[in-house]
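Overview (structure and organization)
Spelled out, the chains give:
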Amino acid sequence: MVALKDNRLDEGLARIFGIATDQAGVQLEAIRSKAAANLAAYGKLIAEMFDKQSVPVPPPVHLQWWHEGSRIQVVGSHPDRERIEVLLNGDGEMVEEFKELELLHEIVRNTELAGEGTTQGQHFNIGITSTGPLAFYTE
């Protein structure tokens, strides 16, 4: 787990984000902001893709990483479930962005829960709704 000191993250995360060790440290709020901005951008890309392919939203689309297949899966019974999976998994950028979003949200979540709980057994999800994307966890 990541140590949180004065709202700064440890040196390991500074290396991941390419910040010199003599700088003040990585602010959790900066990572939280990056996660939010990336989620909004991802939602915009998906909205454009869905618009071009005439994929309806609503109903909302519930996305999750399927570890056995190493791909994005649509959870639930969306009428275009299979087509959405083909569209998203056929685009390397969309797959890569999903995994980056998962990483950013895991860093924030694990830092916020440091010493208070665990995320073990929980799965990162993205919901695509008519009002925009949202990130959440399920067990």
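This one's a predicted model, so the numbers in the text were calculated from it and none came from an experiment.

**Quick word on the overall build of the protein**
- The helix and strand tally for the protein stands at 4 helices and 7 strands.
- For the protein, the succession of helices and strands along the chain, N to C, is β-β-α-β-α-β-β-α-α-β-β.
- Split into buried and exposed, the 139 residues of the protein put 33% on the buried side.
- Pairs at least 24 residues apart make up 51% of the contacts formed inside the protein by residues separated by at least 6 positions.
- Total accessible area on the protein stands at roughly 8,000 Å², and carbon and sulfur atoms take up 51% of it.

**Re the environment of Ala37**
- By the secondary structure assignment, Ala37 is in helix α2 (residues 28–53).
- Considered as a pair, Ala37 and Leu101 are 64 residues apart in the sequence and their alpha carbons are 9.9 Å apart.

**Points about the pattern of salt bridges**
- Here the structure, examined in full by the defined rule, presents 5 salt bridges.
- Across the pair Glu85 and Arg71 runs a salt bridge whose closest N-O atoms are separated by 3.2 Å. You can see Glu85 sitting in helix α3 (residues 81–89) and its partner Arg71 sitting in strand β5 (residues 71–75), a full 14 residues away along the chain.
- Overall, Glu85 belongs to the buried group, its relative accessible area being 8%.
- Taken together, the salt bridges that share partners define one network made up of Arg71, Arg81 and Glu85.

**Remarks on the environment of Phe50**
- Within the secondary structure, Phe50 sits in helix α2.
- In this structure the C-alpha to C-alpha distance between Phe50 and Ile84, which are 34 residues apart in sequence, comes to 8.2 Å.
- Beyond its immediate chain neighbours, meaning those up to four positions away, Phe50 contacts Val55, Val57, Val61, Ile84 and Ile128.

**As for α3**
- Of the residues making up α3, those classed as buried are Ile84, Glu85, Leu87 and Leu88. One side of α3 carries all its buried residues, which in axial view fall inside an arc of 165°. Exposed side of α3, more than 90 degrees from the buried face: Glu82 and Val86 are the residues found there.
- Those residues of α3 hidden inside the fold are in contact with α2, β4 (61–66), β5 and α4 (92–112).

**Re the environment of Ile107**
- With respect to the helices, strands and loops of the structure, Ile107 is situated in helix α4.
- Through-space distance from the C-alpha of Ile107 to that of Ile31 is 8.1 Å; in sequence the pair is 76 residues apart.

**Some points on the side chain of Asn125**
- As for its position among the elements, Asn125 is in strand β6 (residues 123–129).
- Engagement of the side chain of Asn125 in a polar contact is seen with the side chain of Gln64, the distance being 2.7 Å.
- Residues contacting Asn125, with those up to four places away along its chain left out, are His62, Leu63, Gln64, Leu134, Ala135, Phe136, Tyr137 and Thr138.

Conventions we followed
Within every chain, residues take consecutive numbers counted from 1 along the sequence as written. Local features are withheld for residues below a pLDDT of 70 in this predicted model, meaning they are given only at 70 or higher, and side-chain atom pairs are given and counted only at 80 or more; totals for whole chains, interfaces and linings count all residues. Side-chain calculation: all heavy atoms of the structure are included, whereas hydrogens and water are not. Here a helix means four or more residues in a row that DSSP labels H or I, a strand means two or more in a row labelled E, and each is numbered from the N terminus. Burial classification: accessible surface area is computed with a 1.4 Å probe over protein chains only, and a residue below 20% of its type maximum counts as buried, one above 50% as exposed, and the rest as partly exposed. Any two residues whose heavy atoms approach within 4.5 Å are treated as being in contact. Method for areas: the Shrake-Rupley scheme with a 1.4 Å probe, in which residue coverage is limited to the protein chains shown. Any Lys or Arg side-chain nitrogen found within 4 Å of a carboxyl oxygen on Asp or Glu counts as a salt bridge. Taken from the helix axis, the directions to the C-beta atoms give the arc we talk about. The definition of a polar contact used here is a pair of N or O atoms within 3.5 Å, where within protein one atom must be able to donate a hydrogen and the other to accept one, and adjacent residues in sequence count solely through side-chain atom pairs.

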